[in-house]
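# Chains, contacts and geometry: an overview
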Amino acid sequence: MQVQVKEAFQTPAKQGAALYVHVPFCVQRCDYCAFYREPPRRADMEAYLGALRREWALSGARGGAFETVFFGGGTPGVLTPEDFHAIGRWFESEGIRPKEWTVELSPATAHPARLQALKDIGVNRLSLGVQSFSDAFLKRLGRRCGREQILRAIGALHTAGFSNFNIDLMIALPGQTPEALLEDIEQAAAHDPAHISTYCLTFEDDAPLLGHLQKEGFSRNEQMERACYLAAWQRLPQLGYGHYEISNFAKPGRECIHNLNTWKMGQWLGLGPSAASQWQNKRWGNIADLSLWLKGVNNGTPPHVDEVELTNATLLADALIFGLRLTKGVDLENLKTRFGEENLNMYSSLWPRLEAEGLLTRKNSHIFLTTEGLMLVDAVGAEILEYV
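In what follows, the accompanying structure is described. (Residues numbered from 1 in each chain as written. Predicted model: local features only at pLDDT ≥ 70, side-chain atom pairs only at ≥ 80, totals over all residues. Heavy atoms only, no water.)

### Side note on the overall build of the protein
Of the regular secondary structure elements, the protein holds 16 helices and 15 strands. Within the protein, the proportion of its 388 residues that are buried is 52%. Put simply, the protein shows about 17300 Å² of open surface, and 51% of that area lies on carbon and sulfur atoms. (Helix = DSSP H or I, 4+ residues; strand = E, 2+ residues; numbered from the N terminus. Buried < 20%, exposed > 50% of the residue type's maximum accessible area, 1.4 Å probe, protein only. Areas by Shrake-Rupley, 256 points an atom, 1.4 Å probe, with all protein chains shown as cover.)

Structure representation (structure tokens):
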């Protein structure tokens, strides 16, 4: 059955739909992490893998063309090589043959047998959660791995033949200076990844790290954070990594297609507890509870939360908010075609004002944020939401 998509929900030109699979299992939560997780008990993992197939069958997406697949977590690397081979057989039976298939790994899970299994089933992109090459910063973050384990993991990726991999780094760690960040960036680039992400540490209310820092009287240094961002934005392009999104840099042609689909408000189907979907004019999340998710899927009614019907106006606002995170910005003519001239005209007074404030540049039908605008992207997004 071919999936039918309403006109308002056509994916961007030359962009296919995406499949996201959330693997909630993680051996130990890092101190900065507030994501939903479950300990990797084998019985739970087997129940989860069976329910994934049932949720897929219930989705009605069979026969749909998925350009990308992304396994995120949690720690997808806790799945065994046998688990991944079974997933590969399942995908093959369903005709799921993505152009880009990404799996997130922690350094502790980058073992040769697992990497070989990923290679066998067609995974062609890996994302390694490094965060820092400094043992001091890793300890500060509550990471279970150290620098030496990270280096072994990167070596294992190269040995297994994965040239297309991403290294995640963190910006604005407590006590981090631009010089310390640049040291991490230089070390990352020396290992020749195809892609480098530099995400700002977020201080989640229910993550242990925030409590530790509050006890120490820590306060954020926004000037230092700004300096770190600017240092990364200057240095990474010099090292051959194009700056294509606020936090993401890639060698030519190695941008993450899956994430581009998300930022451009394409379609994605999420499987697994706490996975999010934007599919056939609706947006929802799966419940962040393994037992309730299993019960619902096995009963034929996957438990969704925050389900909303999407309108052209809502999608346009999100396409602007996330599209302006891209350094190339957005094409207003394209958005007018996708979401309607009347909806786009609501923002006609906003662009000149942002331009006058030095936050935005216009070139023909394209608009994109200046360096200062990228620094204030959340504030720009808040202004866009005021028009919805």
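### A word on the environment of Ile287
Examined against the element boundaries, Ile287 turns out to sit in the loop between β11 (282-286) and α10 (290-298). In contact with Ile287, not counting residues within four places along its chain, are Pro273, Ser274, Leu292, Trp293, Pro303 and Val305. (Contact = heavy atoms within 4.5 Å.)

### A word on unusual backbone geometry
Look at the link from Gly73 to Gly74: it is a cis peptide, with omega at 20°. Summarising the element assignment, Gly74 is placed in the loop between β2 (66-73) and α2 (81-94). A positive phi angle, close to 65°, is found at Ala172, a residue other than glycine. If you trace the backbone, Ala172 turns up in the loop between β5 (165-171) and α6 (178-190). Under the relative-accessibility criterion, Ala172 is labelled buried at 7%. Positioned with a positive phi, Asp306 is a non-glycine residue whose angle comes to about 55°. With respect to the secondary-structure elements, Asp306 resides in strand β12 (residues 304-309). The class of Asp306 is exposed, set by a relative accessible area of 67%.

### Comments concerning the pattern of salt bridges
Evaluated as defined, the whole model comprises 15 salt bridges. A salt bridge links Lys251 to Asp192; the shortest N-O distance between them is 2.1 Å. Here the residue Lys251 occupies a position in the loop between β8 (248-250) and α9 (257-263), and Asp192 occupies one in the loop between α6 and β6 (195-200), the gap between them amounting to 59 residues. With relative accessibility at 24%, the residue Lys251 sits in the partly exposed group. Connected through salt bridges with shared partners, the residues Arg42, Glu46 and Asp83 form a single ionic network. (Salt bridge = Lys/Arg side-chain N within 4 Å of Asp/Glu carboxyl O.)

### Looking at the packing of helix α11 (residues 312-323) against helix α12 (residues 332-339)
Following both chains from N to C, one finds α11 and α12 inclined at 155°, their axes separated by 10 Å at the closest point. In terms of orientation, α11 and α12 fall into the roughly antiparallel class. The way α11 lies across α12 gives a crossing that is right-handed. Where α11 approaches α12, its residues Asn312, Leu315, Leu316, Ala319 and Leu320 are matched on the opposing element by Leu332, Leu335, Arg338 and Phe339. Its residues assigned to classes, the contact of α11 with α12 comprises seven nonpolar, one polar and one charged. (Axes fitted to C-alpha atoms, helices over the stretch in contact; angles between N-to-C directions. Parallel < 35°, antiparallel > 145°, perpendicular 65-115°, else oblique. Left-handed = near helix turned anticlockwise from the far one by under 90°. Nonpolar A, V, L, I, M, F, W, Y, C, P; charged D, E, K, R; others polar.)

### Points about the pairing of β6
Moving residue by residue along a regular strand, the side chains alternate between the two faces of the sheet. Looking at chain direction, β5 and β6 are connected through six bridges and run parallel. The partner of Met170 across the bridge, within β6, is Tyr199. In the classification by handedness, the crossover that spans β5, the intervening α6 and the parallel β6 is right-handed. Sheet topology places β6 next to β8; three bridges connect them, and they run antiparallel. By the bridge assignment for β8, His195 is matched with Ala250. (Pairing = 2+ DSSP bridges. Right-handed = clockwise from strand over helix to strand, strands pointing away.)

Don't take any of this as a statement about function, it's just geometry.
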